[in-house]
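Listed below are the residues making up each chain.
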Amino acid sequence: MKGRNDRVDLHSTHQNWISLLEVSACEVFELMMGCQLAPYDPAIQETLNVTSMVGLAGKLCGVLSVCCSRESAAIMASKMLEVDLEKVGDQLADALGEVANMVVGNFKNKISGLGDSCMLSVPSVIIGDDYNVHSLADSETIELRLLFEGHPLIITLAIQG
Amino acid sequence: MDDVHTLIVDDSSVMRRIVERSLRQAGIKLGTVYEAGNGAEALAVLAEHQVHLILCDINMPVMDGLEFVKRLAGVNNAKDVPVVMITTEGSESHVVQALSFGARGYIRKPFTADQVKEHVIPVLGVKA
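Residues numbered from 1 in each chain as written. Chains lettered and ligands numbered in written order. Predicted model: local features only at pLDDT ≥ 70, side-chain atom pairs only at ≥ 80, totals over all residues. Heavy atoms only, no water.

Caption draft 1: Representation of the overall build of chain A. From N to C terminus, chain A includes 3 helices and 9 strands. Along the chain direction, N to C, the helices and strands of chain A fall in the order β-α-β-β-β-α-α-β-β-β-β-β. With 161 residues in all, chain A has 50% of them scored as buried. Taking contacts inside chain A between residues at least 6 apart in sequence as the whole, the part at least 24 apart equals 64%. Approximately 7,200 Å² of chain A is accessible, and the part contributed by carbon and sulfur atoms is 48%. (Helix = DSSP H or I, 4+ residues; strand = E, 2+ residues; numbered from the N terminus. Buried < 20%, exposed > 50% of the residue type's maximum accessible area, 1.4 Å probe, protein only. Contact = heavy atoms within 4.5 Å. Areas by Shrake-Rupley, 256 points an atom, 1.4 Å probe, with all protein chains shown as cover.)

Caption draft 2: Quick peek at the pairing of strand β2 (residues 30–36) of chain B. The pairing of strand β1 (residues 4–9) of chain B with β2(B) spans 5 bridges and is parallel. The residue of β2(B) that forms the bridge with L7(B) is Y34(B). (Pairing = 2+ DSSP bridges.)

Caption draft 3: Broad picture of the packing of aromatic side chains. All names here are of chain A. As enumerated under the stated definition, the model contains 2 aromatic pairs over all chains in all. With centroids separated by 5.8 Å and ring planes inclined at 75°, the aromatic side chains of W17 and F107 adopt a geometry described as edge-to-face. Of this pair, W17 sits in helix α1 (residues 14–33) while F107 sits in helix α3 (residues 91–109), placing them 90 residues apart in sequence. According to the relative accessible area criterion, W17 is buried, its value standing at 2%. F107 sits in the buried class, given a relative accessible area of 0%. A centroid spacing of 5.3 Å and a plane angle of 55° characterise the contact between F29 and F148, whose relative ring orientation is tilted. Note that F29 is positioned in helix α1 and F148 in strand β8 (residues 141–148), a separation of 119 residues in sequence. (Phe/Tyr/Trp six-rings, centres within 6.5 Å; stacked < 30°, edge-to-face > 60°.)

Caption draft 4: Fine view of the sheet that holds strand β4 (residues 83–87) of chain B. All names here are of chain B. In spatial order, the strands read β2-β1-β3-β4-β5; together these 5 strands make up an open sheet with parallel pairing. Strands with a single pairing partner mark the edges of an open sheet, and in this sheet they are β2 and β5 (105–108). Going from strand to strand, the sheet's axes swing by 20° on average, the running direction of each strand aside. The sheet contact formed by strand β3 (residues 53–56) and β4 spans 3 bridges and is parallel. When the sheet's bridge partners are listed, L55 is paired in β4 with V84. (Axes fitted to C-alpha atoms, helices over the stretch in contact; angles between N-to-C directions.)

Caption draft 5: Spotlight on the interface of chain B and chain A. The partner chain A presents 25 residues to the 26 residues of chain B that form the contact. When the area that chain B buries against chain A is broken down by residue, the three leading residues are V14(B), T88(B) and P110(B), summing to 29%. Seen at the junction of chain B and chain A, the total is 2 salt bridges. Here R21(B) makes a salt bridge to E82(A), at a shortest N to O gap of 3.5 Å. Along the contact surface separating chain B from chain A lie 8 residue pairs in polar contact (both at pLDDT 80 or more). Listed by contribution, the elements that provide at least two residues to the side of chain B that touches chain A are α1 (13–25) and α4 (92–100) of chain B. Sort the elements by how many residues they give to the side of chain B that touches chain A and α1(B) lands first, with 7 residues. The residue makeup of the side of chain B that touches chain A, split by class, is 7 nonpolar, 11 polar and 8 charged. (Buried area = accessible area lost by both parts, 1.4 Å probe. Salt bridge = Lys/Arg side-chain N within 4 Å of Asp/Glu carboxyl O. Polar contact = N/O pair within 3.5 Å; in protein donor to acceptor, adjacent residues only side chain to side chain. Nonpolar A, V, L, I, M, F, W, Y, C, P; charged D, E, K, R; others polar.)

Caption draft 6: Quick look at the environment of T47(A). Relative to the elements of secondary structure, T47(A) occurs in the loop between β2 (38–39) and β3 (50–58). C-alpha separation for the pair T47(A) and C68(A), spaced 21 residues apart in sequence, amounts to 7.8 Å.

Caption draft 7: Main features of helix α2 (residues 70–81) of chain A. All names here are of chain A. Spanning 12 residues, α2 covers 16 Å between terminal C-alpha atoms, matching the ideal 16 Å at 1.5 Å per step. All of the buried residues along α2 are S72, A73, A74, I75, M76, A77, S78, M80 and L81. Within two residues after α2, E82 carries a phi angle of roughly 55°, on the positive side. (Expected span 1.5 Å × (residues − 1).)

Caption draft 8: The arrangement of helix α5 (residues 113–124) of chain B in detail. Residues and elements named next belong to chain B. For α5, spanning 12 residues, the distance from its first C-alpha to its last is 16 Å, which sits close to the expected 16 Å at 1.5 Å a residue. Those residues of α5 lying buried are V116, V120, I121, V123 and L124. Taken down its axis, α5 places every buried residue within 160° of arc, on the same side. Exposed residues pointing more than 90 degrees away from the buried face of α5 are listed as D114, E118 and P122. (Arc of directions from axis to C-beta.)

Caption draft 9: Broad picture of the packing of α1(B) against α5(B). All names here are of chain B. Closest axis-to-axis distance for the α1/α5 pair is 8 Å, and the angle between their directions is 70°. Judged by the inter-axis angle, α1 sits roughly perpendicular to α5. Contacts from S22, L23 and Q25 of α1 reach α5 at A113, V116 and V120. Residue composition of the contact of α1 with α5, by class: 4 nonpolar, 2 polar and no charged. (Parallel < 35°, antiparallel > 145°, perpendicular 65-115°, else oblique.)

What follows is the structure, encoded as structure tokens:
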């Protein structure tokens, strides 16, 4: 796994980007919530009903999404705000939006030559029990599956062009 | 400096809470903490209130942080207030732009309370 100050070239293989995306996510969860992300366990099944998305435009176009359960998003908000879980209300959407924003921003800042020529959108968050996310990205999709506090967490970077 | 009246500008209410907590953890004795969800709201707050410190995100709807800092130069009671940008937008051009418009520092998200302390204490001219 690469470290906080390691950077890769924009034209490096997307295989390199997977570890970079993982480092970016791990740093966000460690610095902002004091949590370590763990390897995914397919035996743990949960309905993933919250998705946060941030768009990228410029030299790199696509969408980064962070998908987890409502309970998981509430735990994130609880840890970020340092409040009891039962006191988290609508802030779970705000928290997950900010998580996606920080993960993609951190990822972008680790790719040489991307900083000045790739803009990020403000985050959008979908909450619901029956929805599908379709991206118009026509190329590769990088997907990371991890565990956050024992809950599945899927981070996807859909790249266009 | 006692009672540092502070304006935190970020479109995320969660992030505004985190920034406020980080400032307290940095040992800064906060006075009134004002909040704004974008640059336009921040200018409206400054029209009514005097602050000693502004922490501002860049990527926000309505009016982004760069435009806000640019316009701040024309606000009589706030043009000399130190502004520290806190943002995921860590590109060199954003840093250069923010500093050229008058921002005094720059913190990249994700951040620690120590990083907030390192960047904010010097612009306040106080010791932690």
